[in-house]
Amino acid sequence: KTKENGTITFYKRNNDRISMPRAALGVSIFNTTYWLWYSLDFIPTVNAAPMEDLHVDPKIGYGALALGFAINALTALYPSLLVSRLAYDPSHKQIQLYRHSLPLLTPSKTPENFPLGDITIDASDKDLQRILGDYKGDWSKYQGHLALKRKDAAFPLLLEVQNGSEEVMQGHDLLQALLRPKAFAAARKSSTKRGPKAKPSTSRKTSKTIRK
């Protein structure tokens, strides 16, 4: 489904794959909860006993707890950076970004709106070069994570593709909007005047046009 609510969908992630990040987050939360109990309840209780041979060094619990919090942060950060859906709103000339809501990692229903040009792809990105060079713009051959840069953001967004023929609806427009936003806007304006014309998501035209 390319158009939804007047917007043009570039990419829509298969939500069946969220089970692994969700499981990782759940396990890490359980692990941190265990070490929290171990550090704050179990160790003080054991160390209060008169038998010194059973005493436990509190540093063990606190070290494991610190590691648990670090794993928590990573398992929460990764799905929060995964793109659920990426679309273009032609009426406002905005990129619509959908991510995942914590803690259940369900796809967000409300988009974050960015002016065209505020979300981009680094032209030297190795995955991008594979798509344009090795695969000639054919998304069905690509599997991996494409990093998207947000203006003034510390971490890149992750556009994960495992089945490009289904998840990437408008591959040519997606790359042009993120690599050459001004050219994309001009092309959209021109095509609107001429009337709608479908563009294939995977074609040799993609790599040739984007590389110009």
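About the cut-offs
Residues numbered from 1 in each chain as written. Predicted model: local features only at pLDDT ≥ 70, side-chain atom pairs only at ≥ 80, totals over all residues. Heavy atoms only, no water. Helix = DSSP H or I, 4+ residues; strand = E, 2+ residues; numbered from the N terminus. Buried < 20%, exposed > 50% of the residue type's maximum accessible area, 1.4 Å probe, protein only. Areas by Shrake-Rupley, 256 points an atom, 1.4 Å probe, with all protein chains shown as cover. Axes fitted to C-alpha atoms, helices over the stretch in contact; angles between N-to-C directions. Parallel < 35°, antiparallel > 145°, perpendicular 65-115°, else oblique. Left-handed = near helix turned anticlockwise from the far one by under 90°. Nonpolar A, V, L, I, M, F, W, Y, C, P; charged D, E, K, R; others polar. Lys, Arg positive; Asp, Glu negative; His and termini not counted. Salt bridge = Lys/Arg side-chain N within 4 Å of Asp/Glu carboxyl O. Contact = heavy atoms within 4.5 Å. Core = buried A, V, L, I, M, F, W, Y, C linked by side-chain atoms within 4.5 Å.

A.B. asks: I'd like a rundown of the overall build of the chain, residues and numbers included.
C.D. replies: When you go through the chain residue by residue, the secondary structure sums to 7 helices and 10 strands. For the chain, buried positions account for 41% of its 212 residues. Entry remark: accessible area of the chain is about 12100 Å², with carbon and sulfur atoms responsible for 58%.

A.B. asks: Before we move on, can you summarise the packing of helix H1 (residues 19-47) against helix H2 (residues 58-81) with the specific residues and values?
C.D. replies: Relative orientation of the contacting elements H1 and H2 amounts to 160 degrees, with a least axis distance of 9 Å. What the angle tells us is that H1 and H2 run roughly antiparallel. Relative to H2, H1 is oriented so that their crossing is left-handed. A class-by-class count of the residues in the contact of H1 with H2 yields 18 nonpolar, 9 polar and no charged.

A.B. asks: Requested: an account of the side chain of Arg150, with residues and values cited.
C.D. replies: Positionally, Arg150 belongs in strand S9 (residues 144-150). Buried within the structure, Arg150 lacks any salt-bridge partner; its nearest side chain of opposite charge belongs to Glu112, at an N-O separation of 5.0 Å. Apart from the residues lying within four places of it in its own chain, the contact partners of Arg150 are Leu81, Arg99, Phe114, Asp118, Ile119, Phe155 and Leu157.

A.B. asks: Lay out the nonpolar core in plain terms, naming residues and giving numbers.
C.D. replies: Counting 28 residues, the largest nonpolar core has Phe10, Tyr11, Leu86, Ile119, Trp139, Leu146 and Leu148 as its most contacted members. Those elements giving two or more residues to this core turn out to be strand S2 (7-12), strand S3 (85-89), strand S4 (94-98), helix H3 (126-134), S9, strand S10 (157-161) and helix H5 (171-179). The leading source of residues in this core is H5, at 4 residues.

A.B. asks: Talk me through H5; I want residue IDs and the actual numbers.
C.D. replies: Residue pairs three or four apart in sequence face the same way in an α-helix, which turns once every 3.6 residues. Among the 9 residues in H5, 8 count as buried, and that is most of the element. Listed in full, the buried residues belonging to H5 are Gly171, His172, Asp173, Leu174, Leu175, Gln176, Ala177 and Leu178.

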